[in-house]
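Topology and contacts: notes
One letter stands for each residue in the lines below.
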Amino acid sequence: MSGLGTALVFWPGAVIMLATAVYVFRTSSMARAGLLLLASLGVEGLLFLALASEFLGVLQLLMMSGEMVVMTFFMVMFMPDPGGLMGMDMIHDKRRSASLAVAVTVALAVFAVLTDWPAETLNGEAPDVRQIGFEVMGRSMFSFLFAGITILFAMVGGTMLAKHGGRFAVEAEGDAR
Amino acid sequence: MISLPVVLAVAAVMFGIGLYGVLGQTNTIMVMMGVELMLGASMLNLVGFMRYAWPDAASGAFFVLIVMTLMALEAAVGFGLVISVFRNRRTAELDDLTELGG
């Protein structure tokens with residue numbers, strides 16, 4: 001993608017991504033908040049595509065669409081006011097959290113703009129997806145295997161935590177709970 | 001046009017929004033959403049570095065894959081914890097969860 005093409009996708013995408021991210025915490029409907037987060041992270045996938053990372057962009061869209069739909073279900077289940085009809089205020093310590101977030105944002109943005117980063121232009125085509133495959137199956141294979149095992153542990157741990165009575169529960173014989 | 005500082009600045013704003021959610025929200029699931037946004041910002045940083053600073057290094061994509069894994073793990077363990085807490089306390093509001101025992 002040319003520089004102009006990247007800019008044409010990046011700027012509107014960045015505005016939509018940040019606006020939807022802000023509205024995640026401003027809407028009072030939980031279903032809407034989950035879908036706004038899905039929109040924000042989905043548009044981030046489009047930014048990845050614009051920044052010549054096709055594989056990661058498509059992966060981001062697939063991962064986030066699945067994860068955020070699950071998250072929306074959980075939000076509707078566990079929020080005291082999932083429809084946002086009672087006008088509950090779900091923010092505490094509003095001023096301090098907002099000022100700390102703004103301070104961190106400004107510090108990071110100033111650091112990003114003022115630092116002399118190394119610059120190297122992309123030579124023509126986007127990086128070959130095969131390179132990522134060789135990286136994952138070669139030098140980084142041990143780390144990738146470790147990530148896979150960690151996912152397995154998290155799945156087992158999450159299921160044990162969610163089990164009725166927690167991980168210490170002793171089920172009676174024939175207890176079907 | 002787009003450059004590395006621009007991408008990093010956009011990611012910084014996204015990180016700040018996520019941080020506001022983590023610090024300010026009262027519900028556990030909303031806090032998890034803030035963490036997701038912060039991790040999303042870190043992924044945008046990594047893709048920016050990969051595009052504008054080290055375009056030939058495939059290891060940047062590997063780091064993004066690891067962060068995506070981390071997002072999935074955070075959601076899985078977080079939901080497990082929320083279910084467990086909700087079973088015991090009948091709430092997922094953080095203001096009501098101030099004690100570990102009892």
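Values in this document were obtained by computation on a predicted structure and should not be read as measured data. (Residues numbered from 1 in each chain as written. Chains lettered and ligands numbered in written order. Predicted model: local features only at pLDDT ≥ 70, side-chain atom pairs only at ≥ 80, totals over all residues. Heavy atoms only, no water.)

Section: the overall build of chain B
Counting its regular elements, chain B contains three helices and zero strands. Order of helices (α) and strands (β) in chain B, N terminus to C terminus: α-α-α. In terms of principal-axis extent, the alpha carbons of chain B reach across some 55 × 25 × 15 Å. The contacts of chain B with a sequence gap of at least 6 include a subset with a gap of at least 24, amounting to 61%. Working note: accessible area of chain B is about 3700 Å², and carbon and sulfur atoms make up 67% of it. Of the charged side chains in chain B, 4 are positive and 7 negative, and the gap between their average positions amounts to 8 Å. (Helix = DSSP H or I, 4+ residues; strand = E, 2+ residues; numbered from the N terminus. Contact = heavy atoms within 4.5 Å. Areas by Shrake-Rupley, 256 points an atom, 1.4 Å probe, with all protein chains shown as cover. Lys, Arg positive; Asp, Glu negative; His and termini not counted. Charge placed at Lys NZ, Arg CZ, Asp CG, Glu CD.)

Looking at the environment of G24(B)
With respect to the secondary-structure elements, G24(B) resides in helix α1 (residues 4-24). For G24(B), the residues in contact, after removing those within four places along its chain, are M90(A), I91(A), H92(A) and S97(A).

Thoughts on unusual backbone geometry
Residue and element names in this part refer to chain A. A positive phi angle, close to 65 degrees, is found at A52, a residue other than glycine. In this fold, A52 is placed in the loop between α2 (30-50) and α3 (54-78). Here A52 falls in the buried class, since its relative accessible area comes to 13%. (Buried < 20%, exposed > 50% of the residue type's maximum accessible area, 1.4 Å probe, protein only.)

Some thoughts on the packing of aromatic side chains
Per the stated rule, a full pass over the model turns up six aromatic pairs over all chains. Ring plane angle 80 degrees and centroid distance 5.7 Å describe the contact between F10(A) and W11(A), whose orientation is recorded as edge-to-face. Assessed through its relative accessible area of 39%, W11(A) is described here as partly exposed. Aromatic pair F49(B) and W54(B): ring centres 6.1 Å apart, planes at 40 degrees, arrangement tilted. Following the ring pairs from residue to residue traces out a cluster consisting of F111(A), W117(A), F49(B) and W54(B). (Phe/Tyr/Trp six-rings, centres within 6.5 Å; stacked < 30°, edge-to-face > 60°.)

Quick look at the interface of chain B and chain A
Between chain B and chain A, the residue contacts involve 69 residues of the former and 80 residues of the latter. Across the interface of chain B and chain A, roughly 6600 Å² is buried in total on both sides, 79% from carbon and sulfur atoms. Three residues, Y20(B), M33(B) and R51(B), lead the burial of chain B against chain A; their summed loss comes to 10% of the area buried on that side. Our count for the contact surface shared by chain B and chain A stands at zero salt bridges. At the junction of chain B and chain A, the tally comes to one residue pair in polar contact (both at pLDDT 80 or more). Of all the elements in the fold, those that place two or more residues in the side of chain B that touches chain A are α1, α2 (28-52) and α3 (59-89) of chain B. (Buried area = accessible area lost by both parts, 1.4 Å probe. Salt bridge = Lys/Arg side-chain N within 4 Å of Asp/Glu carboxyl O. Polar contact = N/O pair within 3.5 Å; in protein donor to acceptor, adjacent residues only side chain to side chain.)

A closer look at the confidence of the model for chain B
Residues and elements named next belong to chain B. Looking at chain B, the pLDDT average stands at 87 and 97% of residues meet or exceed 70. Per-element mean pLDDT across chain B ranges from 86 in α3 up to 95 in α1. Reported for the predicted complex are a pTM of 0.87 and an ipTM of 0.91. (pLDDT = per-residue confidence, 0-100.)

Description of the pattern of salt bridges
Residue and element names in this part refer to chain A. In total, this model carries two salt bridges over all chains according to the counting rule given. Here D93 makes a salt bridge to R96, at a shortest N to O gap of 3.1 Å. Take D93: its relative accessible area is 41%, and that puts it in the partly exposed class.

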